[in-house]
Amino acid sequence: MGTPAVSPANLVKLISREQVAEGTMAFRFEKPSSWVFKAGQAMDMTLLEPSQTDAEGNTRAFSIASAPQDEYLMVATRMRDTAFKRVLNTMPLGTAVKIDGPFGDLTLQNNAARTAVFLAGGIGITPFRSMVFRAAIDKLPHSIFLFYSNHSPEHAPFLEELQAAETQNPNYKLIATMTGMAKSNRPWNGETSPIRQDMLSKYLKTAVSPIYYIAGPPEMVIGLHQTLNQSGVDDDDIRAEEFSGY
C-alpha cells in the first residue's frame, strides 16, 4: 500500500524560523486560505519523510501562536533534543509539513462583561499570544489580564511584543514575573515571585466575575488550579491546558 494522499489544503511550507528566547524557537508556515481557527486553538503537525525519527514519532500538537488574522501560521517550542525538533530546526525553508486541526477549546469567552485572566508559564504563552493579538486587532471590549511567569527575561518568549501590545489595547494588562533573576544578565523591575493568590488579588481588584485560563508545565497548571479552587473559584470558571514534554 502506498502513502495515503494528503490534501493540498493540509500541506504548508516553512517560511521562516527565529529564536524568540533562550532555547525557544518560533516557526512560521504558510496559511492555506481555507484554514480557519479560533485564537487559542492548536493543530497537529506531521513531518513528511523526515531525515531522522525516534520513538516519539513524526507528529506533534502545537498551540498556534499567531493571531487568526495573520497571513501565516506560527508555532513556538522549547528545543529539546528530539528527532522531530532537530528536523524542524534544520530542514530547508520551503519544506512542507502536514497540518491537521484546528482543535481545542482554550478560547476567549463570548461574554465580554466578564474579565479574562490568562495565567501562563513559559512556552504556555503561545495560545495567549494568539488571543492577545486577536483582541487588539479586533478591538474586543473584553478586559484581559495576562500573568506571565518565566525564570528570566532571557527565557520569556514574545515578552517585548506582549509588553508593547498594552499600547494597542487599553483593555489589556500584562503582569510578567521572573522567578530566577539571580541567574539573569538583564535588568528587571517587575514581579519576581511565582504566580500566587496574593499576586492575583493585587492586580484583579477591578475584575468582574473572572474566567481563568491556565497554560504551562503540568505542575504549574495543577498548582494554579488548586490555588484558584482554594480561593473559591469554581471549576466552571477555569480552563486549562498542560504543556508537557516541551
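Being a predicted model, the structure only gives us computed values, none of them experimental.

Give a description of the pattern of salt bridges that names residues and reports values.
The final tally for this structure, using the stated rule, is ten salt bridges. One salt bridge in this structure joins Glu56 and Arg80, with 3.2 Å as the shortest N-O distance. Remark: Arg80 occurs in the loop between strand S5 (72-78) and helix H1 (83-90) and Glu56 occurs in the loop between strand S3 (42-47) and strand S4 (59-63); sequence separation between them is 24 residues. Overall, Glu56 belongs to the partly exposed group, its relative accessible area being 42%. One salt bridge connects Asp138 with Arg134, and the closest N-O pair in it is separated by 3.5 Å. With relative accessibility at 27%, the residue Arg134 sits in the partly exposed group. Through salt bridges with shared partners, a single network forms among Glu56, Arg60 and Arg80.

So what about the environment of Pro92? Which residues, and what values?
Along the chain, Pro92 turns up in the loop between H1 and strand S6 (96-103). Note on Pro92: relative accessible area 56%, which makes it exposed. As for Pro92 and Ser16, which are separated by 76 residues in sequence, their C-alpha atoms are 9.5 Å apart.

Give me the lowdown on unusual backbone geometry, citing residues and values where you can.
The peptide bond linking Gly101 to Pro102 adopts the cis configuration, its omega dihedral lying at -5°. Topologically, Pro102 is positioned in strand S6. Residues other than glycine seldom take positive phi values, yet Lys139 does so here, at roughly 50°. On the secondary structure map, Lys139 appears in the loop between helix H2 (126-137) and strand S8 (144-150).

Conventions adopted
Residues numbered from 1 in each chain as written. Predicted model: local features only at pLDDT ≥ 70, side-chain atom pairs only at ≥ 80, totals over all residues. Heavy atoms only, no water. Salt bridge = Lys/Arg side-chain N within 4 Å of Asp/Glu carboxyl O. Helix = DSSP H or I, 4+ residues; strand = E, 2+ residues; numbered from the N terminus. Buried < 20%, exposed > 50% of the residue type's maximum accessible area, 1.4 Å probe, protein only.

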